[in-house]
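# A look at the structure
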Amino acid sequence: MEDTNFFVRRHRAMLEDRNIKNHNFIRSNYYFPQKNFAEDEELLRLGEHCDMGTFTFLLQDEVGGLEAKTPNGNWVPVPPIKNSIVFNVGFMMEIWSGGHIPATPHRVRLLKNTMDPARQSLAFFLLPDDDVVCKPAVAEKPNWVAPFPYDANEIFFDYISRLIAQSREVY
């Protein structure tokens, strides 16, 4: 990529101009202790998903349960490491990279050895400015299919609003 300021120009609200509309956010995720858990059950505290923005930075507690999906479809644990931050790639990064850098599918399992304590995590979601256009910035990876269809003239705010509206139609 020739544009060395590509990411800076798409995250101006965070770096340069606080008057630009943007929806970066921090979320505290609290998972209640689970008391009723059958030994042969596999339960999820949070189902499989990818984050919508550019990147997510996650601080975990020591309870664990976070898993990431590998490109071949296997789930692998992302164990908590003291004083570390988990870094997830979001849908916008996948779109900008034309599929070369895929979004990270992840979930939170209820582990048998950690069902009693609550689980807590803190996530910072880095989203592009609302007026940023959703389209690849480089040649697309062969046979890549965008995680959600996008219109090359659609801005991020409209793209996300449409995705949220579509997800509500399912339920």
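All values reported here derive from a predicted model rather than from experimental measurement.

## With respect to the overall build of the protein chain
Within the protein chain one finds four helices and eight strands. When the helices and strands of the protein chain are placed in sequence order, the string is α-α-β-β-β-β-β-β-α-β-β-α. Within the protein chain, the fraction of its 171 residues that count as buried is 37%. Taking the intrachain contacts of the protein chain between residues at least 6 apart in sequence as the baseline, contacts between residues at least 24 apart amount to 77%. A total of about 10,500 Å² of accessible surface is found on the protein chain, and carbon and sulfur atoms cover 55% of it.

## With respect to the sheet that holds strand β4 (residues 66-69)
Read across the sheet, four strands follow the order β2-β7-β4-β5 without closing on themselves; strand pairing throughout is antiparallel. The open sheet has two free edges, formed respectively by β2 (43-49) and β5 (75-77), since each of these has just one partner strand. The average undirected angle you get between the axes of adjacent strands in this sheet is 25 degrees.

## Some remarks on the pattern of salt bridges
All told, the structure shown has six salt bridges when counted by the stated rule. In this structure, the salt-bridge partner of Glu-67 is Arg-107, at a minimum N-O distance of 2.6 Å. Separated by 40 residues along the polypeptide, Glu-67 in strand β4 and Arg-107 in strand β7 (residues 106-110) bring together distant segments of the chain. Note on accessibility: Glu-67 and Arg-107 belong to one class, buried.

## Thoughts on the nonpolar core
Among the nonpolar cores identified, the biggest contains 17 residues, and Met-92, Trp-96, Phe-156 and Tyr-159 are the most heavily contacted of them. Within the residue set of this core, elements represented by two or more residues are α3 (91-96) and α4 (156-170). Counting residues in hydrophobic clusters, the runner-up holds seven residues, among them Leu-58, Leu-66, Val-86 and Phe-125.

## Here's the deal with the side chain of Thr-56
Secondary-structure assignment places Thr-56 in strand β3 (residues 55-60). Looking at Thr-56, the relative accessible area reads 4%, which means it is buried. Reaching out from Thr-56, the side chain makes a polar contact with the side chain of Asp-51 at a distance of 2.8 Å. Here Thr-56 is in contact with Asp-51, Val-86, Phe-87, Asn-88, Ala-123, Phe-124 and Phe-125, once residues within four sequence places are set aside.

## A word on the confidence of the model for the protein chain
With 89% of its residues at a pLDDT of at least 70, the protein chain reaches an overall mean of 83. Taken element by element, the predicted model of the protein chain shows its lowest mean pLDDT in α4 (71) and its highest in strand β6 (residues 86-89) (95).

## Thoughts on the pairing of β7
Burial analysis of β7 places four of its five residues in the buried class, the great majority of the element. Where β2 meets β7, four bridges bridge the pair, whose relative direction is antiparallel. Looking across to β7, one finds that Leu-43 is bridged to Leu-110. The sheet contact formed by β4 and β7 spans three bridges and is antiparallel. Bridge pairing in β7 places Leu-66 opposite Val-108.

## Here we look at the side chain of Ser-97
Along the chain, the position of Ser-97 falls in the loop between α3 and β7. Judged by its relative accessible area of 6%, Ser-97 is buried. One polar contact links the side chain of Ser-97 to the main-chain carbonyl oxygen of Glu-94, over a distance of 3.1 Å. Each residue touching Ser-97, except ones within four places of it in the same chain, is listed here: Val-138 and Ala-139.

The rules behind these values
Residues numbered from 1 in each chain as written. Predicted model: local features only at pLDDT ≥ 70, side-chain atom pairs only at ≥ 80, totals over all residues. Heavy atoms only, no water. Helix = DSSP H or I, 4+ residues; strand = E, 2+ residues; numbered from the N terminus. Buried < 20%, exposed > 50% of the residue type's maximum accessible area, 1.4 Å probe, protein only. Contact = heavy atoms within 4.5 Å. Areas by Shrake-Rupley, 256 points an atom, 1.4 Å probe, with all protein chains shown as cover. Pairing = 2+ DSSP bridges. Axes fitted to C-alpha atoms, helices over the stretch in contact; angles between N-to-C directions. Salt bridge = Lys/Arg side-chain N within 4 Å of Asp/Glu carboxyl O. Core = buried A, V, L, I, M, F, W, Y, C linked by side-chain atoms within 4.5 Å. Polar contact = N/O pair within 3.5 Å; in protein donor to acceptor, adjacent residues only side chain to side chain. pLDDT = per-residue confidence, 0-100.

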